[in-house]
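Chain by chain, the residues run as shown.
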Amino acid sequence: MKNQIRIGCGAGFSGDRLEPAMILAEQGNLDYLVLECLAERTIALAQKRKLADPAKGYDPLLERRIEGLLPLLVKNNVRLITNMGAANPMEGAKKIIEIANKQGILIKVAAVIGDELSDELKEMSDEISKFNNEDFAINLIKNHSSLNPLFSPLISANAYMGVEGILEALQSEANIIITGRVADPSLFLAPMIHEFGWATDDYNLLGQGTVVGHLLECAGQVTGGYFADPITKPVTNMDTLGHPFADIFSDGSAIISKVEGTGGVVNLATVKEQLLYEVVNPFAYLTPDVSANFTTVHLEQIAENQVKVWGGTGHEKPSTLKVSVGFQAGFLGEGEISYAGQNALARARLAGDTLEKRLKADFPDLRTDYVGVSAIHRTDFAHQIEPYEVRLRVAANADTAQKAALIGEEVEALYTNGPAGGGGARKYVTELVGIVSVLVDRNKVIPEVIIF
Amino acid sequence: MKLYHIAHSRAGDKGNISTLSLIPYDAKDYEFLCQKVTVERVKEHLKEIVFGEIIRYEMPHISSLLFVCQDALLTGVTTSLAIDTHGKALSYALLEMEIEP
């Protein structure tokens with residue numbers, strides 16, 4: 001058993017920068033590198049790619065990330081844990097082996113599967129319970145429990161699995177562990193349990209380990225990314241922002257830091273922002289592994305770019321697992337046009353009113369935004385500052401792409417029929433994938449490990 | 001004085017819930033924030049943004065507050081008609097709040 005390990009996080013979402021992970025693998029002196037690439041909706045989009053091509057459905061950046069990282073991982077003996085398997089960990093694992101063969105590198109890859117409940121959903125529909133009072137989700141499953149896209153709006157159903165499958169994979173020789181849907185902190189907690197021999201019912205240790213995983217899982221968000229404000233929170237060299245690593249000790253305490261010479265900053269402020277990020281109840285941060293208590297956490301800056309974190313606690317893990325259900329949610333139609341100079345806002349409002357008159361009957365939920373005034377906070381807190389330029393943006397949902405396109409067409413028609421000086425009209429139609437969450441009995445979800 | 005001058009914030013999203021942290025630059029201001037930035041004040045300040053219940057969590061060990069705001073994202077990331085579907089920019093809406101020194 002080790003008494004200290006170092007885990008780095010080189011990606012906090014599917015589209016994250018590529019080179020911070022390379023820097024971590026090259027210079028980070030890591031034991032483990034984690035790439036967290038699955039947001040709530042990502043897996044439903046991946047499922048759609050898999051339906052179109054059964055050999056796809058893993059992360060679209062998998063090839064590029066692995067091609068660059070593989071030689072560094074092998075040279076420095078770093079194990080990689082990633083959820084880049086998305087909707088298809090098996091094909092993702094095969095692709096990694098293919099890349100390794102091309103590079104003349106011999107590795108083993110473990111795919112962790114079992115999160116996909118597509119086939120099971122129908123028979124489980126009577127046992128599914130509500131998450132966040134979403135009756136809509138239950139109705140959707142009961143009435144459309146087939147995942148066949150020809151008959152049902154359902155696209156995907158994936159359970160958030162915990163550490164179990166990854167722990168089994170860590171027992172193997174696998175250099176790379178690729179999963180589908182796993183709770184983000186579990187990607188980090190599993191190597192801690194594995195290396196320190198923690199009992200999986202020692203909930204205080206699991207709670208503290210989950211705190212560390214939560215701090216790392218969004219990568220650059222703890223090293224000054226998504227933090228900087230040039231007046232109140234200046235951060236240097238954001239163009240070369242370093243991603244984080246943690247030195248974790250067998251008692252669960254950890255030091256969050258980053259590779260020397262990289263941009264960004266790790267301090268109490270960055271760590272506090274990330275600790276509370278997306279936390280709905282800090283007394284009970286629920287994962288498949290533990291109900292973690294973040295309110296007992298202590299933080300201390302011990303050196304430049306080094307913050308110590310300890311004191312996280314926990315209670316028994318939930319008896320249910322959260323399942324993300326993806327469904328076809330129709331189409332989003334959008335149109336935009338800009339006004340600038342004298343009376344810009346009044347002309348934009350005239351355009352907005354004109355569009356509402358023409359579209360409201362067919363699109364009762366039509367949304368009209370004035371970008372530069374009140375579009376982002378949905379209010380300007382009565383500041384009423386006259387802007388030099390304004391962009392009008394209208395949006396509505398529709399059942400068909402053709403109907404959604406009407407929004408942009410009407411905006412474009414303002415060129416010859418609307419107020420003076422409108423410019424830069426753009427129109428968009430986007431296919432929407434909705435996500436709702438339900439809970440299932442955790443015993444219904446069985447992880448499986450396949451070694452390649 | 002705006003909250004912006006003494007505290008920072010990050011917004012997170014879960015479904016139709018927005019989570020807004022409120023972290024003083026100087027830990028000594030934590031008690032002051034606890035007194036001034038009550039749930040009632042935040043509800044009033046965000047009345048055009050948050051339509052559901054707001055819960056305030058106090059985190060004295062890290063001198064931080066967390067506001068969990070229900071029904072704040074026009075149905076949530078995937079189907080909202082808003083430009084900022086995640087409500088990521090709402091942290092700065094909270095920091096717009098005026099408080100008496």
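As a reminder, the structure under discussion sits directly above these lines.
What you are looking at is a predicted structure, and each value in this text was computed from that prediction instead of being measured.

We now examine the overall build of chain B. Looking only at helices and strands, chain B has three helices and five strands in total. Walking chain B from its N terminus toward its C terminus, one meets helices and strands in the order β-β-β-α-α-β-β-α. For a compact globule of 101 residues, the expected C-alpha radius of gyration is about 13 Å, and chain B comes in at 13 Å, within 12% of that figure. Residues classed as buried in chain B amount to 57% of the 101 residues present. When the accessible surface of chain B is summed, it comes to about 3900 Å², and 53% of that surface belongs to carbon and sulfur atoms. Taking the 10 positively charged and 14 negatively charged side chains of chain B as two groups, their mean positions are separated by 3 Å.

Once that is clear, we can look at the sheet that holds strand β12 (residues 298–303) of chain A. Paired through backbone hydrogen bonds, the strands of a sheet run either parallel or antiparallel to each other. Residue and element names in this part refer to chain A. One open sheet accounts for 10 strands, arranged β12-β13-β9-β8-β1-β2-β3-β7-β4-β19; its pairing is mixed. Of all the strands in the sheet, just β12 and β19 (448–451) have a single pairing partner and so form its edges. Averaged over all pairs of adjacent strands, the angle between their axes in this sheet comes to 20 degrees, without regard to strand direction. As paired elements, strand β9 (residues 254–258) and strand β13 (residues 306–310) share three bridges and run antiparallel to each other. Bridge pairing links I255 to K308 in β13. Against the sheet, helix α4 (residues 89–102) makes contact with β4 (109–113), β7 (176–179) and β19, and its axis sits at roughly 170 degrees relative to β4, the strand it touches most.

Residue and element names in this part refer to chain A. Covered by surrounding structure in strand β2 (residues 32–35) are Y32 and V34 together with L33 and L35, the residues of both alternating faces. Here four bridges tie strand β1 (residues 4–11) to β2, and the two strands are oriented parallel to one another. Across the sheet, residue A11 finds its bridge partner in β2, namely L35. The β-α-β motif built from β1, the intervening helix α1 (residues 19–27) and the parallel element β2 has right-handed crossover chirality. Strand direction decides the pairing type here: β2 and strand β3 (residues 79–82), joined by four bridges, are parallel. Looking across to β3, one finds that L33 is bridged to L80.

Conventions and cut-offs
- Residues numbered from 1 in each chain as written.
- Chains lettered and ligands numbered in written order.
- Predicted model: local features only at pLDDT ≥ 70, side-chain atom pairs only at ≥ 80, totals over all residues.
- Heavy atoms only, no water.
- Helix = DSSP H or I, 4+ residues; strand = E, 2+ residues; numbered from the N terminus.
- Rg over C-alpha atoms; globule rule 2.2 N^0.38 Å.
- Buried < 20%, exposed > 50% of the residue type's maximum accessible area, 1.4 Å probe, protein only.
- Areas by Shrake-Rupley, 256 points an atom, 1.4 Å probe, with all protein chains shown as cover.
- Lys, Arg positive; Asp, Glu negative; His and termini not counted.
- Charge placed at Lys NZ, Arg CZ, Asp CG, Glu CD.
- Pairing = 2+ DSSP bridges.
- Axes fitted to C-alpha atoms, helices over the stretch in contact; angles between N-to-C directions.
- Contact = heavy atoms within 4.5 Å.
- Right-handed = clockwise from strand over helix to strand, strands pointing away.

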